[in-house]
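# Summary of the model geometry
The residues making up each chain are set out below.
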Amino acid sequence: MCGIVGYVGPQNATDVVIEGLRRLEYRGYDSAGLSVRRPEGHVTLKRSGKLKNLEDALEATPLAGAHAIGHTRWATHGPPTDRNAHPHVTEDTRVALIHNGIIENHQALRERLNGAGHVFTSDTDSEVLVHLIEEAYDGDLSDAVRAALRQVEGAYAVVVSHADHDELVVARMTSPLVLGYGEGETFVASDVPAILKHTRRVSYLQDGQVATLRPAGIQATDLEGHPQELEIDTIDWDLEAAEKGGWPHFMLKEIYEQPQVLVNTLSDRLSQSTGDANLNLTLDPSAIDRIVIVAAGTASYAGEVGRTLLERWARIPTTVEVASEFRYANPIVDARTLVVAVSQSGETIDTLEAVREGIRHGARSLAILNSKGSSISREVDDIIDIHAGPEIGVASTKAYVAMVTVFAMLALHFGRARGALSLEEGQDRVAELKRLPNLVADALEGRPAIAAAARSLAEARSVLYLGRGVHVASAKEGALKLKEISYVHAEAFPTGEMKHGPIALIDAAVPTVAVATDGPLTGKTASNLQEIKARGGRVFAIATRGADGLDGAADVRLDVPPVEDALAPVVVAVPLQLLAYEASVALGRDVDQPRNLAKSVTVE
Ligand code: AGP
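Residues numbered from 1 in each chain as written. Predicted model: local features only at pLDDT ≥ 70, side-chain atom pairs only at ≥ 80, totals over all residues. Heavy atoms only, no water.

Before going further, it helps to examine the overall build of the protein chain. Of the regular secondary structure elements, the protein chain holds 16 helices and 27 strands. The C-alpha extent of the protein chain, read off along each of the three principal axes, is 75 × 50 × 45 Å. A buried classification covers 61% of the 604 residues belonging to the protein chain. For the protein chain, the share of sequence-separated contacts (at least 6 apart) that also reach a separation of at least 24 residues comes to 72%. Positive and negative side-chain charges of the protein chain, numbering 58 and 82 respectively, have mean locations separated by a distance of 4 Å. (Helix = DSSP H or I, 4+ residues; strand = E, 2+ residues; numbered from the N terminus. Buried < 20%, exposed > 50% of the residue type's maximum accessible area, 1.4 Å probe, protein only. Contact = heavy atoms within 4.5 Å. Lys, Arg positive; Asp, Glu negative; His and termini not counted. Charge placed at Lys NZ, Arg CZ, Asp CG, Glu CD.)

Rendered as structure tokens:
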């Protein structure tokens, strides 16, 4: 959740760290801080609020030094104030530390350290680490960090600096850290964009590893001090992919990237002649009886569309479990169950623990991910990369459509392999999948009408989102998009459920967005929408261009091009995303960094 950057080398360390933090601000953004090492101790500057506040303070008080560590925080323990911002520094300023994660036994450790005379200056769980390291330090910083970490329970990515050493010591347990290798300089960060300007050569630190970064290179050990090999990877995408490039917001850029993303997601995975998708899986599709999808938020809604696809096309019983529940549910899974983890970041702690729980129960595992080298990628039997490129806006957009598209290819592959789809049916689906990039580009053309509709939603007291079948998930995704970036309350229901309670909410200030593309139940949807209109509710319908089954039941139609029903969530995602985006802009909200949220949720 928090953003971490550290640098050791000849460049101006403050500039390198601040620039890196700017690229990580999407991870968490309620306070920021920086410590620069000098032989006499650390100089530290911390500010609550966005990174800009720290940058302004640095302009007034420039800090130069040989190496530096910086942090953007997403508060867990203690409010987002200057004193709770990281880095945490010992009273004599000799040790400085930044931390992402949660130290679960911090209370007991704090009491013991208080008793031993340590003076705490923040409310955070993280601060215990700096005192533990101070206590354990005997001239060797990495020894002290290992000794401290052996006493803690919980999740951490830590970066530690000591005034005596021209080095940083870093360690990881569950929370991500990437190490970068330059010429005579080394880097550490929570995510690649922070250091990509300087190097493409990186190592992903593993759980239980401790590494020492010096200008000349990086050495790693385990928590006991045994040497460890670090694998070096080369990043194959460019920094421009993680920059706004003239767009007013990352979210809008990412929405408009979707046609190209889908081209990349489908890439050369489809075969028209065999009517199949090649996903390079080690899994034998006949070796499973059921599928359990585990994910959070938008990824779980992609999973809900995936369930429909897997059940319709492959006839495999599939359930979707919210990851934060599944991990504690003592789930009934076995060796003939496939657990599918879905995650843009690959770091969502609930999803990681959920898939681990499935594996502990003997299930086969597969992950649908957007992040090479991520924590989830290291746990599973098979991985399908969604190839969406870096997603920076906190509201997930392009990752969602890419995840759904991957589920469609998975359902096609399983359906063909298990005989649920004939050659001809497979070929039809391949042809339909190949149309998706153009259909999404077509849906983007509807933006002016969507922007006008969004202005009405921005004034609403609350908005109801409805859908049937595969669009129950579309409705949930649309409602989540609206609430997270515009703060307008929104709820989603299956259309047929309205009359069982939610219809009581309808009045002139509570409009409805109905995802009502053409299908066998359009007539029933039309009746439900008439029931809403009869009670003074305004209806915005996302409908299929040229289809008249809604029979005038919508006040406003937002048309999308016709597409096979099970794939329609990819196309209707566009107006749903744009409705939320335009409402957020109309209300003057912070589109890319909405309040209280963080992009990558690495705490429970
Ligand atoms: C979506 O817009 C979100 N901000 C959020 O629900 C997100 O999808 C969820 O936290 C899961 O993230 P992941 O895909 O990185 O696991």
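Close to the ligand lie 14 residues, the nearest being S343, Q344, S345, T348 and E484. At 2.7 Å, a side-chain N or O of S345 approaches an oxygen atom of the ligand. Contact between the ligand and K481: an oxygen atom at 3.1 Å from a side-chain N or O atom of the residue. Burial of the ligand by the surrounding chains reaches 90%, relative to a free accessible area of 410 Å². At the level of secondary structure, the elements contributing two or more residues to the shell around the ligand comprise helix 8 (297-314) and helix 14 (471-486). Its residues assigned to classes, the shell around the ligand shows 5 nonpolar, 7 polar and 2 charged. For the shell around the ligand, the domains that each give at least three residues are domain 2 (247-441) and domain 3 (445-604). (Near = heavy atom within 4 Å. Polar contact = N/O pair within 3.5 Å; in protein donor to acceptor, adjacent residues only side chain to side chain. Areas by Shrake-Rupley, 256 points an atom, 1.4 Å probe, with all protein chains shown as cover. Nonpolar A, V, L, I, M, F, W, Y, C, P; charged D, E, K, R; others polar. Domains from an automatic or database assignment.)

A word on helix 5 (residues 141-149). Among the 9 residues that make up helix 5, 7 are buried, leaving the element largely enclosed by the rest of the structure. For helix 5, every residue scored as buried is listed here: L141, S142, A144, V145, R146, A148 and L149. For helix 5, the secondary structure elements touched by its buried residues are helix 4 (127-136), strand 7 (154-162), strand 8 (168-173), strand 12 (209-214) and strand 13 (217-222).

The next thing to look at is the domain arrangement of the protein chain. Considered domain by domain, the protein chain is made up of domain 1 (3-240), domain 2 (247-441) and domain 3 (445-604). Of note, the centres of domain 2 and domain 3, computed from C-alpha atoms alone, are 24 Å apart. Across the contact, 45 residues belong to domain 2 and 39 residues belong to domain 3. For the pair domain 2 and domain 3, the two sides together bury roughly 3500 Å², of which 63% comes from carbon and sulfur. On the domain 2 side of the contact with domain 3, M251, Y301 and V394 bury the most area, a combined 17% of that side's loss. (Buried area = accessible area lost by both parts, 1.4 Å probe.)

Time to look at unusual backbone geometry. As a rule of thumb, non-glycine residues mostly have phi less than zero, and peptide bonds are mostly trans rather than cis. The peptide bond linking H86 to P87 adopts the cis configuration, its omega dihedral lying at 0°. Structurally, the position occupied by P87 is in the loop between strand 4 (67-73) and strand 5 (88-89). If you check the backbone angles, T174 has positive phi at about 75° while not being a glycine. You can call T174 buried: its relative accessible area is 10%. Positive phi, normally seen in glycine, also occurs at N596, with a value near 70°. With respect to the helices and strands, the residue N596 is situated in the segment after helix 16 (568-586). Residue class for N596 comes out exposed when judged on its relative accessible area of 63%.

A word on the packing of helix 11 (residues 398-417) against helix 16. In the contact formed by helix 11 and helix 16, the axes pass within 9 Å of each other and the chain directions differ by 170°. As far as their axial angle goes, helix 16 and helix 11 are roughly antiparallel. Of helix 16, the residues touching helix 11 (which contributes Y400, V401, V404 and T405) are P569, V570, A573 and Q577. (Axes fitted to C-alpha atoms, helices over the stretch in contact; angles between N-to-C directions. Parallel < 35°, antiparallel > 145°, perpendicular 65-115°, else oblique.)

Time to look at the environment of R201. Examined against the element boundaries, R201 turns out to sit in strand 11 (residues 201-204). By relative accessible area, R201 is classed as partly exposed at 39%. R201 has contacts with L179, G180, Y181, I232 and D233, leaving out every residue within four places of it along the chain.

Attention shifts here to the packing of aromatic side chains. Overall, the coordinates contain 2 aromatic pairs when judged by the stated rule. Consider the rings of Y7 and F187, whose centres lie 5.2 Å apart with planes at 45°: the pair is tilted. Of this pair, Y7 sits in strand 1 (residues 3-8) while F187 sits in strand 10 (residues 186-189); the two residues are 180 residues apart in sequence, bridging distant segments of the chain. Classification of Y7 as buried rests on a relative accessible area of 0%. For F187, a relative accessible area of 1% gives the class buried. The cationic tip of R595 hangs over the ring face of Y487; the distance from NZ or CZ to the ring centre is 3.9 Å. (Phe/Tyr/Trp six-rings, centres within 6.5 Å; stacked < 30°, edge-to-face > 60°. Lys NZ or Arg CZ within 6 Å of the ring centre and 35° of its normal.)

Next up on the list: the sheet that holds strand 21 (residues 364-369). The 5 strands lie next to each other as 19-18-20-21-22, forming an open sheet whose pairing is parallel. On the outer flanks of this sheet lie strand 19 (318-322) and strand 22 (382-385), each paired with one strand and no other. Each strand of the sheet is rotated relative to its neighbour by a mean of 20°, with strand direction disregarded. As paired strands, strand 18 (residues 290-295) and strand 20 (residues 337-343) are joined by 5 bridges and run parallel to one another. When the bridges of strand 20 are listed, I291 appears paired with L338. Along the sheet face, helix 8 touches strand 18, strand 19 and strand 20 and points at about 170° away from the line of strand 19. Packed on one face of the sheet, helix 10 (residues 349-360) meets strand 18, strand 20 and strand 21 and runs near 170° to strand 20. (Pairing = 2+ DSSP bridges.)

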